[in-house]
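Chain by chain, the residues:
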Amino acid sequence: MPWENNGGGGGRNTGGPWGQAPGGGGGPRRPSGGGNTPNLEDILNRGRDQFKGGVPGGRWAIVGGIIALLAFWGVNSVYTINPQEVGVELRFGKPKPELSGPGLHFMLWPVETVERATTTVNQTQIGAANASGARAANVSDGLMLSGDQNIVNVQFSVFWAIGDPVAYLFNVRDQESMVRYAAESAMREVVGRRPAQDIYSDDRSGISAEVLRIVQATLQSYGLGVTVSQVLIENAGPPSEVIDAFNEVQRARQDETRLQEEARSYANTLLGDARGRAAALREEAAAYTNRVVQEATGEAQRFNAIYAEYVNAPEVTRKRLFLETMEEVLGKSEKVLIENGADGSGVVPYLPLPELRSRANTSTGN
């Protein structure tokens, strides 16, 4: 024992565990049958004698200790849930079916504890670049092989929220990494079945919808307790090593499209003009046909009318037709017709009527 005499007279231990040498003047001496080591009964007796007088302030110390313990227990038993959180209480490590909403709550600590889960929408970026232009995640997480054997760099985000807090907290560890791995795997699966042009521009919405369906089904099979609301493809293009060549190809395609549109516009213009001219010609032909028919109809009616008059008076009608025809033929010619003279000789002095008419016109003009 520490207070035993192990070294003879010079190294004698003069104090016991109560600060008094065994067998000293503080109490009755006991027989020392060959050693000064106190026995257990003497030690208990001396301790009992000391506590008989009472400890100064002992009662208040005990009360204060109890109050401190109660305060510590109360602080740990009362907890607060923030507005954007939901709490899950555990009794002996087993989650309770009831969820704790925002506000102040009470539990029986340490028998019960609480775990918190955020109910806001979370965003997991895959293959995205940060503000400095560097990749926020692994440099290869956005590089994927398309269905037409092209390598594409897809940068997209997955928006998800906690739907089942109990499953989210206790079924899977590292939940955000699970969402990331499931989304990346689903995107690689869909991109591997599509041509690169669909990812670049043609069918991004269809790819996003298909990836959303696969990710939700995968996470549900794992019992993660989350709901994926949107998969947004932010950018998709070739790797940086071939971006210049890809841009050249894109510009060539744009030029091809532009030229095709210009040719189509020019063809439509020519076709419109041709159709307009054809419509005008058809209208003119229809008008000419109508005019000819109407003129023929009028001439026929006129002929019938003249023929009816001719039947009634043939000689008069014949002479009138002769005069009208001669008037139409000779009306614009510069000729003078002279009938037979009074003596019947038919010789009449020539009268230059055209020259007289020209002179008359000249004098009138002057």
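Residues numbered from 1 in each chain as written. Predicted model: local features only at pLDDT ≥ 70, side-chain atom pairs only at ≥ 80, totals over all residues. Heavy atoms only, no water.

## Some details on the confidence of the model for the protein
Stage number 1. Residue-level pLDDT values for the protein average 75, and 73% of them are 70 or greater.
Stage number 2. Here residues 1-35 scores under 50 on pLDDT; set against residues more than four positions off or in separate chains, the count is 38 contacts.
Stage number 3. A low-confidence stretch, residues 130-137 stays under pLDDT 50, and its non-local contacts, those more than four residues away or across chains, total 13 contacts. (pLDDT = per-residue confidence, 0-100. Contact = heavy atoms within 4.5 Å.)

## What to know about the sheet that holds strand E5 (residues 112-118)
Stage number 1. Pairing is antiparallel across the open sheet formed by three strands, whose spatial order is E3-E2-E5. Sheet topology places strand E3 (94-100) and E5 at the edges, where each strand pairs with a single neighbour. Averaged over neighbouring strand pairs, the angle between their axes works out to 30° when direction is ignored.
Stage number 2. Looking at chain direction, strand E2 (residues 85-91) and E5 are connected through seven bridges and run antiparallel. If you follow Arg-91 over to E5, its bridge partner there is Glu-112. (Pairing = 2+ DSSP bridges. Helix = DSSP H or I, 4+ residues; strand = E, 2+ residues; numbered from the N terminus. Axes fitted to C-alpha atoms, helices over the stretch in contact; angles between N-to-C directions.)

## Here's the deal with the packing of helix H4 (residues 175-191) against helix H6 (residues 204-222)
Stage number 1. Remark: H4 packs on H6, axes separated minimally by 9 Å, with the N-to-C direction vectors making an angle of 135°. Considering their axes alone, H4 and H6 lie oblique with respect to each other. The way H4 lies across H6 gives a crossing that is right-handed. Contacts between H4 and H6 involve Met-178, Val-179, Ala-182, Ala-183, Ala-186, Met-187, Glu-189 and Val-190 from the first element and Ile-207, Glu-210, Val-211, Ile-214, Val-215, Thr-218, Leu-219 and Tyr-222 from the second. (Parallel < 35°, antiparallel > 145°, perpendicular 65-115°, else oblique. Left-handed = near helix turned anticlockwise from the far one by under 90°.)

## Some words on the packing of helix H7 (residues 243-312) against helix H8 (residues 314-330)
Two quantities define a packed helix pair, namely the angle between the helix axes and the distance between the axes.
Stage number 1. Viewed as axis vectors pointing N to C, H7 and H8 meet at an angle of 135°, and their least axial separation amounts to 6 Å. One element, H7, and the other, H8, form an angle in the oblique class. Facing Arg-302, Ile-306, Glu-309, Tyr-310, Val-311 and Asn-312 of H7, the residues of H8 in contact are Pro-314, Thr-317, Arg-318, Leu-321 and Glu-324.

## Considering unusual backbone geometry
Stage number 1. At Asp-174, a residue that is not glycine, the phi angle is positive and equals roughly 55°.
Stage number 2. Its place among the elements puts Asp-174 in the loop between helix H3 (165-170) and H4.
Stage number 3. In this structure Asp-174 comes out as partly exposed when scored by relative accessible area, which is 46%. (Buried < 20%, exposed > 50% of the residue type's maximum accessible area, 1.4 Å probe, protein only.)

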